[in-house]
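Each chain, written out:
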Amino acid sequence: KFILQLLYILLIDINLLITSTTNKLLAFVNRTNNCIDILQCPYVNITLSLQLHHVPSSIPKDIFTSLHHPATPAKWAYMLTENNYIPNYEDNYKECNEIYLTRSGQRANQPNKCYAVAKVPKGMESIIQSSHRIGVTALTLNQYQKDFPRDESLKEEESLLPPLINNLSNLKKQFINKLGSPIDSNGNRKDVVVMVANEGVMDLVLNFICSAESINFDLNKIIVFVGNLENVLLIESMGAKAIYNEALGVMPSEAAKGYLDHTFGSMMWFKTTSVFLALQCGYNVLFQDADLVWMKDPLPHLNQLRGDILFMDDGARTPRYTPLFVNSGFYYVKYNNRTLYFQERMIKSGPSEIGFSHSHQQVLTKQLAESLQLFGLQIEVLDILLYPSGQAYHENKKYLQGVIDRTYRPYVFHMCWTDNRVNKVVFFKEINLWYLPDRSECIDSSAMLKHVNYMNTLNSNRIIRNECCLKEKYWPIENS
């Protein structure tokens, strides 16, 4: 008989008296049987010891860096061991053969969570991190139980994946024809900024391009995946590159009306294929959603960080996004074998798993955990104060005021945490990060395209960016 032992740990948030956001480290330590972690050992009679560390230096930062969140570091640790030996910072966990870490991600307005630790028989363990979720909030969000293909999503796989794979060589040629060799004249690998856009978000794309122009960023490094040839013309009239190929699938024409609706889910496939193709071509890839603006060029900073893949901190600390809490709307991927494997897994999960869940972020988190555990993919989470999201708009008004007053200058601002395009524009205007006038040829995709076509009939060299971007609203050039 196999005995299942459950330990429920109620994370009582004592530290909430001190700070509104408290993140803890949960570590399960195994020292015998050569198991990968305590969740994978056959059942043995053990004495469990549980000790709370409250000194920040007690957190094993040398091990924990892959789950590190600079703005919200782990402050408390619950440690479970098989005997009375409790590792500490001074001995550097030298008695531990293996250590399993997970992060609870507590927040003041998202209180206590319960953790269950289960001993499972040898041979029944998973080769990847197993973090199953139960309860009301997990019924539709559990990424380890709810994202497997169903009949309806398998149809999407049949229609989306074969055209991409069968036409991959031609797609790579088309991409490189747009951007050139991924290696520069000095032998260094080039960066490319990748975006996905349909007719419903062209004003957001133009607003971003205005912000990139404001910091003198080379717009030739930006390529936008679009759903038809007309939108290629429109994007390139803004000064960036654009690419369309029917082998990539059919892109919805309208903006998503809400989070996880059908349009939102369909666009998630393009978020997957765009990064996959750019990485296959040999570039380092910065992917971002359309609802971003830049105040500083992030690429030099991202290049110097050590991770293979670097993500914006989503700000959420709900079970759905554990243990990384990353935002898939802004991340930087360095070209190497580990990231190529990760993107290969994403592209082959995309049509069915993303097609069913409508969530790129949900499937991405699972594949990150697998690549981290199997191949040591180095994952870094960016400082949320340097790379703020919509969480700052909704929950950190003091910080937001510094951005409005321009006394604090982050690299970018991502207006996620916002349910539709209309509100994104409203919020950008409120914080002085909207650089377009209220003229139809600058904010309505149909009018924008009509205006571009008119200029082309006149053989005019004018570009829509110069006619629409309100340069007087730009942030001043840094250190000028």
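In the block above lies the structure referred to throughout.
Please read these numbers as outputs of a predicted model, since none were measured by experiment. For every chain, the first residue of its written sequence is number 1, and the numbers climb from 1 along that sequence. Thresholds applied to this predicted model are a pLDDT of at least 70 for local features of residues and 80 or more for the giving and counting of side-chain atom pairs; totals over whole chains, interfaces and linings are not thresholded and use all residues. Calculation of side-chain values draws on the structure's entire complement of heavy atoms; hydrogens and water are dropped beforehand.

Undergrad: So what exactly am I meant to see when it comes to the pattern of salt bridges here?
TA: Pairs can form between side chains of opposite charge once their charged atoms are near each other. Only one rule defines a salt bridge in this text: a Lys or Arg side-chain nitrogen within 4 Å of an Asp or Glu carboxyl oxygen. The final tally for this structure, using the stated rule, is 12 salt bridges. Between Arg465 and Glu213 there is a salt bridge, with its nearest N and O atoms 2.8 Å apart. One end of the pair, Arg465, is in helix H15 (residues 464–468); the other, Glu213, is in helix H4 (residues 202–214), and 252 residues separate them in sequence. Glu213 matches Arg465 in its accessibility class, with the two residues each being buried. Two residues, Lys271 and Asp289, come together in a salt bridge whose shortest N-O distance is 3.4 Å. Of this pair, Lys271 sits in helix H6 (residues 262–280) while Asp289 sits in the loop between strand S10 (284–288) and strand S11 (292–294), placing them 18 residues apart in sequence. Side by side, Lys271 and Asp289 carry an identical accessibility label, which is buried. Shared partners join several salt bridges into a network, and the residues in it are Glu213, Arg465 and Lys471. Labels follow the DSSP assignment, with helices taken as runs of H or I lasting at least four residues and strands as runs of E lasting at least two, numbered in each case from the N terminus. Partly exposed describes any residue whose relative accessible area lies between the buried limit of under 20% and the exposed limit of over 50%, with all areas from a 1.4 Å probe on protein chains only and scaled to the type maximum.

Undergrad: Got a minute to help me understand the nonpolar core in this structure?
TA: The nonpolar side chains of soluble globular proteins are, as a tendency, buried together. To qualify as a nonpolar core, a set must consist of buried Ala, Val, Leu, Ile, Met, Phe, Trp, Tyr and Cys residues joined through side-chain atoms within 4.5 Å. Ranked by internal contacts, the top residues of the largest apolar core, which has 65 residues, are Ile222, Ile235, Met238, Trp294, Phe330, Phe413 and Leu433. With eight residues, the top contributor of residues to this core is H4.

Undergrad: Sorry if this is basic, but what is going on with the pairing of strand S13 (residues 326–333) here?
TA: In regular strands, side chains alternate between the two faces of the sheet. Among the eight residues of S13, eight are classified as buried, and the element is accordingly described as predominantly covered. Strands pair, by our definition, only if DSSP identifies at least two bridges between them. Relative to S13, S10 runs antiparallel, the two being bridged by four bridges. The residue bridging Val285 from the neighbouring strand is Val333, located in S13. Summarising the sheet, strand S12 (residues 309–313) and S13 pair through five bridges and their orientation is antiparallel. Note that in S13 the partner of Leu310 across the bridge is Tyr332.

So, to be careful, I would describe these as geometric facts and stop short of saying anything about function.
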